[in-house]
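# Overview (structure and organization)
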Amino acid sequence: MTSSIPRSEHPRPDFCRDSWITLNGPWDFSMGQDTFDQTIMVPFAPESKLSGIGDTGFHPVVWYRRSFTVPEAMQNRRILLHFGAVDYACRVWVNDSFVTSHTGGQSSFSVDITHAVRFTGENTVVVRAQDAPQALDQMRGKQFWEEESRGIFYTRTTGIWQSVWLEAVDEVHLEQVRITPLYDEKSVRFDYQLSCGEQHGPLALQIAISLQGRPVLSATLQPESLCSSATFVLDRGAKVWNFTEELSWSPEHPRLLDVEFRVWEDGCCRDMVRSYFGMRKVSIENGVFLLNNRPYFQKLVLDQGYWPDALMTAPTDEAFISDLQMIKEMGFNGLRMHQKAEDPRFYYHADRLGLLVWAEIGSAYLYSPDYAQQFYKEWSDCVLRDYNHPCIIVWTPLNESW
């Protein structure tokens, strides 16, 4: 990874492994047919200037293609292919083998491509993205169905618009984890799911929590099933923590507790994932919003989440940081993200800088039964993906009369 590759930082700071490579950068590209007569800079949509295409017309079908080799450190392991977001529906092939399809322009998806990968030599991944730019019952947010932007409706986004990356895992690994702060109990609950083959030895999950490098808690579990949960009290142990002043998260004190998960099989470490969480509680009493059991006045801005040269994709990771710092400097303590499921790195920076976020998803302009069915699926996928971010205090499914 080099600085010449756009958006080359790890796309998921809340679920991060060391063994990964970005697939951002130049891809072969075609509008309509798989002739690949253009080059596009992923992860920028073809309507954006930074993509190198800059065509804002209607494009119902676009094609992408690029080659990659599997690094030595990822040899003979399971290879996962991740897409941050592809608008709106897509099909994916690796070395001419169909590997997955996905519908939903704002939710992430992954696929195990080990069966299709060559561990020596080049591999080719092809993506066909299909959009319906004038379908008003398709989840679109502020993407306009007319050619020229007007009012609150902006240029459309077609195809890949968030990062693409490869990740290597062992057969035994941590598939997902939801982290729930139990503020009143001074505890945290981990709901986790492990993945492994049919034949495996005894499993153990080690969880180590720290704050700025200082150990808070360490525990090792012997899971009775691949999907389970565990709850830990945080203010017990060798050090007695002042919970409110040392461990709690707020915009004024955005303390994040780091977590390291290690999955063991037969005494050998098979997987290591880094994450984090914030100890905070959101509640309402007698119509008053409370943060950590205290009345808290929300002073929010409405964030459109668009950039002049990159549309819905931040041009750089620093662009997220700059916007969020500016919001804080102007005296606000949060924002509502308007009609858009934002990039997980946006939420990461809001977590660490200390801003409350009303998270949203781009809904359809008109109702239909098909829209309702797709909405529930895509919205729940986004909620589950972004569940661990302490900055998110509200989930907004619909916008006004939409």
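For the structure, check the block above.
Just so it is clear, the model here is predicted, and its values are computed rather than measured.

For the rest of this paragraph, the subject is the pattern of salt bridges. Counted according to the given criterion, the structure contains 21 salt bridges. Residues Glu9 and Arg7 are paired through a salt bridge, measuring 2.6 Å at the closest nitrogen-oxygen approach. In terms of burial, Glu9 and Arg7 fall into one category: buried. Where Glu260 meets Arg262, a salt bridge forms, and the shortest distance between an N and an O atom there is 2.8 Å. Several salt bridges converge on common partners, so that one network encompasses Arg7, Glu9 and Asp343.

Turning our eyes to something else, we now look at the nonpolar core. By size, the foremost hydrophobic cluster in this structure holds 33 residues, and its most contacted members are Leu174, Phe190, Ile207, Ile209, Leu234, Phe261 and Phe277. Contributions of two or more residues to this core are made by strand 13 (173-182), strand 14 (187-195), strand 15 (203-211), strand 16 (214-221), strand 17 (227-233), helix 1 (243-247), strand 18 (257-265) and strand 19 (268-277). With five residues, the single largest contributor to this core is strand 15. The residues contacting Leu174, other than those within four sequence positions of it, are Phe15, Arg17, Tyr192, Gln193, Leu194, Phe261, Val263, Asp271 and Val273.

The next subject is the environment of Cys268. You can see Cys268 is positioned in strand 19. The exposure class assigned to Cys268 is partly exposed, which follows from its relative accessible area of 36%. For the pair formed by Cys268 and Ala204, sequence separation is 64 residues and the distance between their alpha carbons is 9.6 Å.

Further remarks concern the sheet that holds strand 21 (residues 288-291). Spatially, 20-21-22 is the arrangement adopted by the three strands of the open sheet, whose pairing is antiparallel. Each edge of the sheet is formed by a strand with only one pairing partner; in this case those strands are strand 20 (282-285) and strand 22 (294-295). Summarising the sheet, strand 21 and strand 22 pair through two bridges and their orientation is antiparallel. Pairing of Leu290 across the sheet is with Pro295, part of strand 22.

Take the sheet that holds strand 17 next. Ordered by their spatial adjacency, three strands build an open sheet running 13-14-17, and the pairing between neighbours is antiparallel. Because the sheet does not close on itself, it has two edges, and the strands there are strand 13 and strand 17. Neighbour-to-neighbour, the strand axes of this sheet turn through a mean angle of 20 degrees, independent of strand direction. Examined bridge by bridge, strand 14 and strand 17 share seven bridges and lie antiparallel to one another. Counted as the bridge partner of Asp191 is Ser229 from strand 17.

This part is about the packing of aromatic side chains. Considering all chains together, one arrives at 22 aromatic pairs under this definition. With 4.9 Å between their ring centres and 15 degrees between their planes, Phe83 and Phe109 make a pair best called stacked. Taken as a pair, Phe83 in strand 5 (residues 78-83) and Phe109 in strand 9 (residues 109-112) lie far apart in primary sequence, 26 residues in all. For Phe109, a relative accessible area of 8% translates into the label buried. Summarising the aromatic geometry, the rings of Phe153 and Tyr365 are spaced 5.8 Å apart at their centres and angled 85 degrees between planes, so their arrangement reads as edge-to-face. Residue Phe153 is located in the loop between strand 10 (123-130) and strand 11 (159-160), and its partner Tyr365 is located in the loop between strand 25 (356-360) and helix 4 (369-385); the two are separated by 212 residues in the primary sequence.

Moving on, we come to the side chain of Arg255. Within the fold, Arg255 resides in the loop between helix 1 and strand 18. One buried charged side chain, Arg255, makes no salt bridge at all; its nearest oppositely charged neighbour is Glu245, positioned 6.9 Å away. A distance of 2.6 Å separates the side chain of Arg255 from the backbone oxygen of Glu245, its partner in a polar contact.

Below, the discussion takes up the pairing of strand 13. Pairing between strand 13 and strand 14: nine bridges, direction antiparallel. Looking at the pairing, Pro181 lines up with Val188 of strand 14. Between strand 13 and strand 14, which pair antiparallel one after the other, the connecting turn spans four residues, and Lys186 there sits at a positive phi close to 55 degrees.

Conventions used here
- Residues numbered from 1 in each chain as written.
- Predicted model: local features only at pLDDT ≥ 70, side-chain atom pairs only at ≥ 80, totals over all residues.
- Heavy atoms only, no water.
- Salt bridge = Lys/Arg side-chain N within 4 Å of Asp/Glu carboxyl O.
- Buried < 20%, exposed > 50% of the residue type's maximum accessible area, 1.4 Å probe, protein only.
- Core = buried A, V, L, I, M, F, W, Y, C linked by side-chain atoms within 4.5 Å.
- Helix = DSSP H or I, 4+ residues; strand = E, 2+ residues; numbered from the N terminus.
- Contact = heavy atoms within 4.5 Å.
- Pairing = 2+ DSSP bridges.
- Axes fitted to C-alpha atoms, helices over the stretch in contact; angles between N-to-C directions.
- Phe/Tyr/Trp six-rings, centres within 6.5 Å; stacked < 30°, edge-to-face > 60°.
- Lys, Arg positive; Asp, Glu negative; His and termini not counted.
- Polar contact = N/O pair within 3.5 Å; in protein donor to acceptor, adjacent residues only side chain to side chain.

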